[in-house]
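Secondary and tertiary structure notes
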Amino acid sequence: MTYNVAHDLCFIVHDVLVQFLVSGEASGAFVASISLDGPAEAHALKASTDIFEWLDVSGRVKDRANILKTIILPAVLSDMLHCIYEALQSSRKGKLNVSYILLRKPLQESLFVLESIALDEMEFASKLTTDPLRLRPKNAGGPEGQASRIKLVLEAIGATNLFDANYIAQLRYVKTDDGFDGVCNKAMHLFTEHPAIKTEILNINFIFSDYESKLSQWSYLYTRLPYLLIYTLRLVEHIAAGIVPTHPDYLDDISRRIAAGVLLWGRTLPSGYETAPLIQFIAETARQLETECASKGWRSPTRRDLRRMAFSGAVPGESAADVKERYASFARLAELDREAFLKASAASLKTPTSTR
């Protein structure tokens, strides 16, 4: 039961991000439009064999950045979600070495790329088109540089009260007992020599994990991964707002679901795995949810309310019929947005995300 709550929370976040990809694809959101200055420019583009070369020659750096953001976000996010899904499924089966191997790339590299877009999409586009190796995490200046960078990201996405930049950097990039980098390296390699994660005498990393070891590996995974996944969700929501704005009522619904899941998860943290950043994250989430409930005249949520809220978005005291109608209204709004987007795009030149 201890791990089930955290496992479910991870999948709630995963499924919300998957739905973003599915609905974005269905509505044509991942298609960038370019406004051309007359027939001559249209002819020049049509004659070009490489749209990015044409954009560079034409000095359309803003268009280039917008197109790349529109292409890269769903592609990188989709790859991340494949890894996270398989990691969670492997964890469910007790294959924790596989889980940690699969989490290394999304937590270190994929998140770094998304952060680069959020910080400065023009600079991101420039690096990607001139020297993609500059988008590797090791170029951020070590853990201190990563922490400074993540602090700017948190300011950009308005989440400084929820997350701790130093802790996010530590979890992703520092080889310590409280860090994915060390665990993931041990999962990937039979022998490790870094002093912080050096393989013990007469041991082979992860090979001889007994049940007690697996409990420890599960405890670490499920007390840290929800924190980083929710950070990922907030980051994606921020980038997505510049591509396809989402109805605020839907965002509020998702926010409530995640908040409820966080509070349920917070009650399951095993002794010894609490940290100040996690406690602050849970406390601030509770404060925000209580504030929303009070401002809208809802009662303070009970444990039962939180369970319903986490899996359906139901507010305290809301009937199942009202929840169903609310989701039907979201579907109608999505269809209207899709029709409006297609109509607006019909008059302009469309550049599919697959165009190179």
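Now for a description of the structure that goes with this document. (Residues numbered from 1 in each chain as written. Predicted model: local features only at pLDDT ≥ 70, side-chain atom pairs only at ≥ 80, totals over all residues. Heavy atoms only, no water.)

Describing the packing of aromatic side chains
Applying the stated criterion across every chain, the model contains 13 aromatic pairs. Ring geometry for Phe20 and Phe30: centres 5.6 Å apart, planes at 80°, overall edge-to-face. Pair noted here: Phe20 is in helix α1 (residues 2-27) and Phe30 is in the loop between α1 and β1 (32-34), with a separation of 10 residues, a long-range link. What makes Phe30 buried here is its relative accessible area of 3%. Here Phe163 and Tyr231 contribute two aromatic rings whose centre-to-centre distance is 5.7 Å and whose plane-to-plane angle is 70°, an arrangement assigned as edge-to-face. (Phe/Tyr/Trp six-rings, centres within 6.5 Å; stacked < 30°, edge-to-face > 60°. Helix = DSSP H or I, 4+ residues; strand = E, 2+ residues; numbered from the N terminus. Buried < 20%, exposed > 50% of the residue type's maximum accessible area, 1.4 Å probe, protein only.)

Quick word on the layout of surface pockets
Estimates place the volume of the largest pocket at around 1200 Å³. Thr246, His247, Tyr250, Leu251 and Ile254 are, among the 50 residues lining the largest pocket, the residues nearest its centre. If you list the elements that add at least two residues to the lining of the largest pocket, you get α1, α10 (211-241), α11 (248-266), α12 (276-295) and α14 (320-346). The residue inventory of the lining of the largest pocket, partitioned by class, reads 29 nonpolar, 12 polar and 9 charged. A volume near 520 Å³ is recorded for the second largest pocket. Around the second largest pocket, the lining is made up of 22 residues, and of these Val183, Lys186, Phe206, Ser216 and Gln217 lie nearest the centre. (1 Å grid on protein atoms, 1.4 Å probe; cavity = no way out; pocket = protein on both sides within 12 Å on 5 of 7 lines; lining within 4 Å. Points joined across faces, edges and corners; volume = space filled by probe spheres on them. Nonpolar A, V, L, I, M, F, W, Y, C, P; charged D, E, K, R; others polar.)

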